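What follows is each chain in one-letter form.
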Amino acid sequence: MTYARTEPTDQEPDIRARPPLVREFLLVAGLFLAYKFGRQAANGHVEEAFRNAGNVWDLERALHLPGEGAVQGLLLHSQPLIHAANTYYAAVHFPATALFLVWLYWRRPRHYVRSRRVLAALTGAALVLHLLFPLAPPRMLPAAGLVDTGQVYGPTVYGQTPATDTMANQFAAMPSLHVGWAVMVAVGLIVATRSRWRWLWLLHPTLTLLVVVGTANHYWLDAIVVGAMLAVALAVFRLPLSARTVPARQSRPDLRGSVEGAPVPAYAGGGAPGAFASAGPSPSFGAAGGSAEPADGADAGSRAPARAGAAR
């Protein structure tokens, strides 16, 4: 029995696995609003956020992680480059994730359900961590000596006064959902597609990581922590068995009544039925107590000529 390697199919999606559109829209929108309001509720812990920032910075140095300033130094060599990084940070995060979910919903419904669950679990866990561990980003930490590239070069999604920012919680650096969502987008598309170029999706989380660090919006540890959280979520919410890659039997010709896909004996090498009759009883058949006559499905008329030929 031989097995052939198979990959996710590009055939028509299984519409039975696609959840109702209105329900999904309301669910995703509700989760997003809950997260946004939850981040606002976690805002305002200024002293604790800066104290945690100092601890994170010291821990990174103790672990000998590379300084965030090394990445920012490369970006600051070119004003168009740093402007592009700020734009990527501000404009790609939400649209890329939304398009990812829309495409999965339409083309890979089973993968969509799993990805939505993973993203919801990851975002909810991140919100809890924001509440328990407020953290000022490195652009606010004097010890880091980094530039707030969004405020200096633009564009930025944050207000100039973090403590009174009504648009976003600037003390929610840990973990980095920019990185977490980007990794999920890449993993989801790699698993759900079969193109040889699908591994290029890893460029999205790679660029996102460099951008969030280079713009001084996140520490390296923010990305490491969200990566661990995502790994747990992926392990908990596994793909349904019907959506996974399964081995496929290599088809074989239907010889002497054998079932397609079943192993074919060596003695059934494709000879004509008469060849077995004229050769006399087969030793292997005799050992098994069988006969060389055709299978039970053959009619009496087809057995008579074979016997006559053997008698001659």
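So, here is what we can say about the structure in this document.

## Comments concerning the overall build of the protein
Reasoning step 1: A count of helical and extended segments in the protein gives 13 helices and two strands.
Reasoning step 2: Going through the 312 residues of the protein one by one, you find that 36% of them count as buried.
Reasoning step 3: Counting only contacts in the protein whose residues sit at least 6 apart along the sequence, the fraction spanning at least 24 positions is 79%.
Reasoning step 4: A total accessible area of about 17,700 Å² is found for the protein, and carbon and sulfur atoms account for 65% of it.

## Considering helix α9 (residues 203–214)
Reasoning step 1: Helix length check: α9 (twelve residues) gives 16 Å between terminal C-alpha atoms against 16 Å at 1.5 Å per residue, within 8%.
Reasoning step 2: For α9, the set of buried residues is His204, Pro205, Thr208, Val211, Val212, Val213 and Gly214.
Reasoning step 3: Among the structural elements, α3 (68–75), α4 (79–91), α5 (93–107), α7 (149–153), α8 (177–192) and α10 (220–236) are those in contact with the buried residues of α9.
Reasoning step 4: Once α9 ends, the next one or two residues include Ala216, with phi positive near 65°.

## Here's the deal with the packing of aromatic side chains
Reasoning step 1: The full count for this structure, using the stated rule, is four aromatic pairs.
Reasoning step 2: For the ring pair Phe94 and Trp181, a centre distance of 5.6 Å and an interplane angle of 80° mean the geometry is edge-to-face. With Phe94 in helix α5 and Trp181 in helix α8, this residue pair connects regions lying 87 residues apart in the sequence.
Reasoning step 3: The class for Phe94 is partly exposed, based on a relative accessible area of 36%.
Reasoning step 4: A cation over a ring is seen here: Arg61 above Trp57, with NZ or CZ 4.2 Å from the ring centre.

## Some remarks on the layout of surface pockets
Reasoning step 1: Estimates place the volume of the largest pocket at around 610 Å³.
Reasoning step 2: Taken together, 23 residues line the largest pocket, and the ones lying closest to its centre are Val28, Ala29, Phe32, Ala98 and Leu101.
Reasoning step 3: Contributing elements (two or more residues each) for the lining of the largest pocket: α1 (21–41), α5 and α6 (109–132).
Reasoning step 4: Here the lining of the largest pocket gets nine residues from one element, more than from any other, and that element is α1.

## Comments concerning the pattern of salt bridges
Reasoning step 1: Per the stated rule, a full pass over the model turns up five salt bridges.
Reasoning step 2: Across the salt bridge formed by Arg116 and Glu24, the nearest N and O atoms sit 3.0 Å from each other. With Arg116 in helix α6 and Glu24 in helix α1, this pair connects stretches of sequence that are 92 residues apart. Side by side, Arg116 and Glu24 carry an identical accessibility label, which is buried.
Reasoning step 3: Residues Glu60 and Arg61 are paired through a salt bridge, measuring 3.3 Å at the closest nitrogen-oxygen approach.

## Topic: the side chain of Thr215
Reasoning step 1: Note that Thr215 resides in the loop between α9 and α10.
Reasoning step 2: Here the side chain of Thr215 touches Asn217 through a polar contact of 2.8 Å, side chain to side chain.

## Here we look at the nonpolar core
Across soluble globular proteins, nonpolar side chains show a tendency to be buried alongside one another.
Reasoning step 1: Counting residues in hydrophobic clusters, the biggest one holds 36 residues, and the most contacted among them are Phe100 and Leu122.
Reasoning step 2: At the level of elements, α3, α4, α5, α6, α8, α9 and α10 are the ones that each hand at least two residues to this core.
Reasoning step 3: Setting aside chain neighbours within four positions, we find Phe100 in contact with Ser115, Leu119, Met184, Val185, Gly188 and Leu189.
Reasoning step 4: Ala49, Val56, Trp57 and Leu221 belong to the second-largest nonpolar core, a separate cluster that totals 16 residues.

## A word on the packing of α5 against α8
Reasoning step 1: Two elements in contact, α5 and α8, have axes separated by 10 Å at closest approach and are oriented at 25°. Considering the angle they form, α5 stands roughly parallel to α8. For the pair α5 and α8, the crossing hand works out as left-handed. Facing His93, Phe94, Ala96, Thr97, Phe100, Trp103 and Leu104 of α5, the residues of α8 in contact are Leu177, His178, Trp181, Met184, Val185, Gly188, Leu189 and Ala192.

## Section: α3
Reasoning step 1: Looking at α3, one finds that the buried residues are Glu68, Val71, Gln72 and Leu75. Looking straight down α3, one finds its buried side chains confined to an arc of 95°; they lie on one side. Exposed side chains of α3 directed beyond 90 degrees from the buried face belong to Ala70 and Leu74.
Reasoning step 2: On its buried side, α3 packs onto α2 (46–62), α4, α7, α9 and α10.

## Looking at the packing of α4 against α9
Reasoning step 1: With their axes 9 Å apart at the nearest point, α4 and α9 run at an angle of 115° to one another. One way to sum up the angle between α4 and α9 is to call them roughly perpendicular. With respect to the hand of their crossing, α4 and α9 are arranged in left-handed fashion. The segment α4 lies against α9, with Ala85, Tyr88 and Tyr89 engaging His204, Leu207, Thr208, Val211 and Val212.
Reasoning step 2: Partitioning the contact of α4 with α9 into residue classes produces six nonpolar, two polar and no charged.

Analysis parameters
Numbering of residues begins from 1 in every chain and follows the order in which that chain's sequence is written. Whole-chain, interface and lining totals are the exception, using all residues; otherwise, since this is a predicted model, local features are given only for residues with pLDDT of at least 70 and side-chain atom pairs are given and counted only at 80 or more. As a rule here, side-chain values come from all non-hydrogen atoms in the structure, and water together with hydrogens is ignored. Only runs of H or I of at least four residues qualify as helices and only runs of E of at least two qualify as strands under DSSP, and these elements are numbered from the N terminus. When a residue's accessible area, from a 1.4 Å probe over protein chains only, is under 20% of the maximum for its type it is buried; when over 50% it is exposed; and in between it is partly exposed. For this analysis, residues touch if any pair of their heavy atoms sits within 4.5 Å. The Shrake-Rupley method, run with a 1.4 Å probe, gives the accessible areas here. Residue values count only the displayed protein chains as cover. Expected span, for any helix, means 1.5 Å times one less than how many residues it has. Stacked, tilted and edge-to-face pairs are distinguished by plane angle, under 30 degrees for stacked and over 60 for edge-to-face with tilted covering the rest, among Phe, Tyr and Trp rings (Trp via its six-membered ring) whose centres lie within 6.5 Å. Cation placement over rings: the criterion is NZ of Lys or CZ of Arg within 6 Å of the ring centroid and within 35° of the ring normal. Points on a 1 Å grid, built from protein atoms alone, make a cavity when a 1.4 Å probe fits but cannot get out and make a pocket when they are open with protein on both sides within 12 Å along at least 5 of 7 lines; residues with an atom within 4 Å of a point are the lining residues. Grid points are joined across faces, edges and corners, and a volume is the space filled by probe spheres set on the points. A carboxyl oxygen of Asp or Glu within 4 Å of a side-chain nitrogen of Lys or Arg is what we treat as a salt bridge. Polar contact criterion, stated in full: a pair of N or O atoms within 3.5 Å, where within protein one must be able to donate a hydrogen and the other to accept it, and residues adjacent in sequence count only if both atoms are side-chain atoms. Buried Ala, Val, Leu, Ile, Met, Phe, Trp, Tyr and Cys residues that are joined via side-chain atoms within 4.5 Å together make up what is termed a nonpolar core. Orientation is described by axes fitted as lines to C-alpha atoms, over the contacting stretch for helices, and by angles from 0 to 180 degrees between their N-to-C directions. If an angle is under 35 degrees, it is roughly parallel; if it is over 145, roughly antiparallel; if it lies from 65 to 115, roughly perpendicular; otherwise it is oblique. Helix crossings are classified by the rotation of the near helix relative to the far one: an anticlockwise turn of less than a right angle makes the crossing left-handed, while a clockwise turn makes it right-handed. Arc definition: it is the arc formed by the directions from the helix axis to the C-beta atoms. In the scheme used here, Gly and all other residues not listed as nonpolar or charged are polar, with Ala, Val, Leu, Ile, Met, Phe, Trp, Tyr, Cys and Pro taken as nonpolar and Asp, Glu, Lys and Arg as charged.

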